[in-house]
Amino acid sequence: MDRQVVKLTKVAFGYDKTRRVLEDIDLVVPEGKIVALMGRSGCGKTTILRLIGGVHRATAGTVEVFGEDIAALDADGLYRLRQRMGMLFQFGALFTDLSVYDNVAFPLRERTNLSERLIRDLVLMKLEAVGLRGARDMMPHELSGGMARRVALARGIALDPRLMMFDEPFTGLDPISLGTIGKLVRELNDALGASSIIVTHDVLESMQIVDYLYFISEGRVIASGTPDAIRASQDPFLRQFVHMEAQGAVPFHHPADDYRSEMLGAAAA
Amino acid sequence: MITAVARLGAWVLHSIGRLGFASRFFVAILRYSGPSFARFWLTVREIYFEGVLSLVIICVSSLFVGMVLGLQGYDTLVRYGSSDALGVVVALSLVRELGPVMAALLFASRAGSAITAEIGLMKATEQLAAMEMMAVEPIARVVAPRFWAGVISMPLLATIFSAVGIFGGYLVGVVVIGVDPGAFWSQMQASVDFRNDVLNGILKSFVFGVAVTWIAVLEGYEAPPTAEGVSGATTRTVVTSALAILGLDVILTALMFRGA
């Protein structure tokens, strides 16, 4: 049986007592695998990443990362655990006052006692891995969206994390950049022997690179499986999602009063 | 009536909660100051952005303020035949009051707003969250260096404000109007006390520095991560800082200068 890097058991979470964002989530990320969390915007996918990273604490259930219960960790324990994680944010979250080189060097300088010479070698290796060694002196505002995402990826893998988390890595990218990022995610995961979680709603790209998918809707896991199993599924929600149909199990319209009566009522008034 | 009372109650509760958070945030800044000081170049870099880059506005403003003091002071003093005391009037006004207060107001407008906007935008673009995920504490790496840079810069800027202001008063009083330069400087030297006037002025500016940068980093850290949120936080920094400076000035002046 695969070793589990992340395990969520019956997890629930809400930002306040009245509004539950997640309910009864069971989820595992086996070692060496890439797992995608898919679902519509605002369904709670990113919140799951925040729970795994220890940014938020689960209201109920347990979140285990590398076998440690996140809820039992103090601040130091949490920071120690985070040293084994890397995260790629939706728009890269590069430090705008630092060059590409310094951005990638940042975690190495902050979290290790390596010499500048060794840091230089590591930074150049990471930048080479994402194809941007030649852009080391550029500033973040000079980069395209795809390049910024690749620099952030190089920064995310700077400390050779055992778990990489990607928050919407494909959003706003042109098709070439999108393919490049997807390929890099797979290659780097395999080269580092790491495990990855991708939060995305990009069906086509993620189905090509991930090993397992979880579909989240209304804060619950409503389906999961390998890409082949998801493609073959006859579940109305999965069919609508995979084939990108506007109408289906998930309605296009947000719940509202009857359109005709509302419009005529307004005219009469 | 009940709604108004409920609103007042909600406002009071909200204010107490905010004050509590601000206090905890201040304690966190102090707690993480050690690691921040261990890499003092971070603070030095911020001293450049907050202090050195504020020098132009501080120097130009203080020159004008000093010139106006020279003109107004002479106009009043000459009526009583005391124009030789112009140096004392200009120096005491600047060292005790205008130097610390004006420098702090200008600092809040230029550097305080910039600190809030920078931290607020770092939050909005997830740079602070990225730091946390890299196991780097944002308060130690981002907030504490900016806070201490402000605290260190403020007394220096206030001192420069007073010095340049006195020079402005000299330009108008001595060079333009023709007050005796010997009287201008010697009376100033005889009447301005180092401990009671100069040190108290510096102490005031230190307190203003703590208040302004505390407000600035807090507002930035607490800013909602939207364009509107950062804009509102920047405005609040300037308004709250100005009120805090003027309020604290009343208290400090009452404590320091009681006719002693």
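Residues numbered from 1 in each chain as written. Chains lettered and ligands numbered in written order. Predicted model: local features only at pLDDT ≥ 70, side-chain atom pairs only at ≥ 80, totals over all residues.

J.: Which parts of the structure should I look at to understand the overall build of chain A?
T.: Counting its regular elements, chain A contains ten helices and ten strands. If one aligns the C-alpha atoms of chain A with their principal axes, the spans along those axes are about 75 × 40 × 40 Å. Taken across its 269 residues, chain A has 37% of its residues classed as buried. (Helix = DSSP H or I, 4+ residues; strand = E, 2+ residues; numbered from the N terminus. Buried ≥ 20, exposed ≤ 12 C-beta atoms within 10 Å, placed from the backbone.)

J.: What exactly am I supposed to notice about the overall build of chain B here?
T.: Helices and strands together make up the secondary structure of chain B, namely ten helices and zero strands. The dimensions of chain B, computed from C-alpha atoms along their principal axes, are 65 × 55 × 35 Å. Taken across its 260 residues, chain B has 45% of its residues classed as buried. The long-range fraction of contacts in chain B, counting pairs at least 24 apart against all pairs at least 6 apart in sequence, stands at 87%. (Contact = placed C-beta atoms within 7 Å.)

J.: Just to check I follow, could you spell out the interface of chain B and chain A for this structure?
T.: Contact residues are listed per partner, giving ten residues for chain B and 14 residues for chain A. Within the side of chain B that touches chain A, the residues separate by chemical class into six nonpolar, two polar and two charged. (Nonpolar A, V, L, I, M, F, W, Y, C, P; charged D, E, K, R; others polar.)

J.: Can you walk me through the pairing of strand 3 (residues 34-39) of chain A in this structure?
T.: Two faces make up the sheet, and in a regular strand the side chains alternate between them. Residues and elements named next belong to chain A. The buried count for strand 3 comes to six of six residues, which makes it a mostly enclosed element. Burial of strand 3 is two-sided: the residues Ile34, Ala36 and Met38 facing one way and the residues Val35, Leu37 and Gly39 facing the other way are all buried. Here strand 3 runs beside strand 9 (residues 212-217); their pairing, made up of five bridges, is parallel. In the sheet register, Leu37 faces strand 9, and the bridge partner there is Tyr214. (Pairing = 2+ DSSP bridges.)

J.: Mind showing me how you'd approach the sheet that holds strand 1 (residues 4-14) of chain A here?
T.: The strands that make up a sheet are held in pairs by hydrogen bonds between backbone atoms, and each pair lies either parallel or antiparallel. Residue and element names in this part refer to chain A. The antiparallel open sheet is built from four strands, whose spatial order is 2-1-4-5. A single partner strand is all that each edge strand has here, and the edge strands are strand 2 (20-30) and strand 5 (68-69). Inspection of the sheet shows strand 4 (residues 60-65) paired to strand 5 by two bridges, in the antiparallel sense. Paired with Val65 across the strands is Glu68, a residue of strand 5.

J.: Would you mind going over the environment of Ile176 of chain A with me for this structure?
T.: Residues and elements named next belong to chain A. Relative to the helices and strands, Ile176 resides in helix 6 (residues 175-192). The class for Ile176 is exposed, based on 9 C-beta atoms found within 10 Å. Taking the C-alpha atoms as reference points, Ile176 and His141, separated by 35 residues in sequence, lie 20 Å from one another.

J.: Honestly, the sheet that holds strand 10 (residues 220-225) of chain A in this entry has me stumped. Any pointers?
T.: All names here are of chain A. Judged by pairing direction, the sheet is mixed, and its six strands sit side by side in the order 6-7-8-3-9-10 without closing on themselves. The strands lining the two open edges of the sheet, one partner per strand, are strand 6 (85-88) and strand 10. Taken pair by pair, the neighbouring strands of this sheet meet at an average axis angle of 20 degrees, ignoring direction. The pairing of strand 3 with strand 8 (residues 195-200) spans five bridges and is parallel. Bridge assignment links Val35 to a residue of strand 8, and that residue is Ile197. Contacting strand 3, strand 6, strand 7 (163-167), strand 8 and strand 9, helix 1 (residues 45-53) crosses the sheet at an angle of about 150 degrees to strand 7. (Axes fitted to C-alpha atoms, helices over the stretch in contact; angles between N-to-C directions.)

J.: What's the story with the domain arrangement of chain A in this structure? I'm lost.
T.: A common way to express how large an interface is: the accessible area buried when the components associate. Residues and elements named next belong to chain A. For chain A, the assigned domains read domain 1 (4-84 + 162-177 + 191-268) and domain 2 (94-160). Computed over C-alpha atoms, the centres of domain 1 and domain 2 are 28 Å apart. Counting from both sides, the interface comprises eight residues of domain 1 and, opposite them, eight residues of domain 2. (Domains from an automatic or database assignment.)

J.: Can you help me understand the packing of helix 5 (residues 86-124) of chain B against helix 10 (residues 227-256) of chain B in this one?
T.: The relative placement of two packed helices comes down to the angle between their axes together with the axis-to-axis distance. Residue and element names in this part refer to chain B. Relative to each other, helix 5 and helix 10 sit at 150 degrees, their axes nearing to 8 Å. Judged by the angle between their axes, helix 5 and helix 10 are roughly antiparallel. For helix 5 against helix 10, the interelement crossing comes out right-handed. Along its contact with helix 5, which presents Val101, Ala104, Leu105, Ala108, Ser109, Gly112, Ser113, Thr116, Ala117, Gly120, Leu121 and Ala124, the element helix 10 presents Gly229, Val230, Ala233, Thr234, Thr237, Val238, Ser241, Ala242, Ile245 and Asp249. Residue composition of the contact of helix 5 with helix 10, by class: twelve nonpolar, nine polar and one charged. (Parallel < 35°, antiparallel > 145°, perpendicular 65-115°, else oblique. Left-handed = near helix turned anticlockwise from the far one by under 90°.)

J.: Sorry if this is basic, but what is going on with the environment of Gln90 of chain A here?
T.: All names here are of chain A. Following the sequence through the fold, Gln90 ends up in the loop between strand 6 and helix 3 (100-111). What makes Gln90 partly exposed here is the crowd of 18 C-beta atoms within 10 Å. As for Gln90 and Arg239, which are separated by 149 residues in sequence, their C-alpha atoms are 26 Å apart. Those residues within four positions of Gln90 in sequence are excluded, and the remaining contacts are Asp167, Glu168 and Thr171.

J.: Explain helix 3 of chain A here, please?
T.: In an α-helix there are 3.6 residues to a turn, and that puts residues three or four apart on one side. Along helix 3 of chain A, the positions that sit buried rather than exposed are Val100, Asn103, Val104, Ala105, Phe106, Pro107 and Leu108 of chain A. Of the surrounding elements, those touching the buried residues of helix 3 of chain A are helix 4 (116-129) and helix 5 (145-156) of chain A.

J.: Hey, could you run me through unusual backbone geometry in this one?
T.: What is expected of a backbone is that most residues other than glycine have negative phi and most peptide bonds are trans. The residue Phe66 of chain A is not glycine, and still its phi comes out positive at about 50 degrees. Its location among the elements puts Phe66 of chain A in the loop between strand 4 and strand 5.

J.: I'm lost on the pairing of strand 9 of chain A in this one. Help?
T.: Residues and elements named next belong to chain A. As paired strands, strand 9 and strand 10 are joined by five bridges and run antiparallel to one another. Note that in strand 10 the partner of Ser217 across the bridge is Arg220. A loop of two residues connects strand 9 with strand 10, the two strands running antiparallel in sequence, and Glu218 in this loop sits at a positive phi of about 50 degrees.

J.: Is there a simple way to think about the packing of helix 3 of chain A against helix 5 of chain A in this case?
T.: Residues and elements named next belong to chain A. Relative orientation of the contacting elements helix 3 and helix 5 amounts to 30 degrees, with a least axis distance of 8 Å. Judged by the angle between their axes, helix 3 and helix 5 are roughly parallel. Two packed elements cross with a definite hand, and for helix 3 against helix 5 that hand is right-handed. Contacts between helix 3 and helix 5 involve Val100, Asn103, Val104, Phe106 and Pro107 from the first element and Val151, Ala154 and Arg155 from the second. Tallied by class, the residues present in the contact of helix 3 with helix 5 amount to six nonpolar, one polar and one charged.

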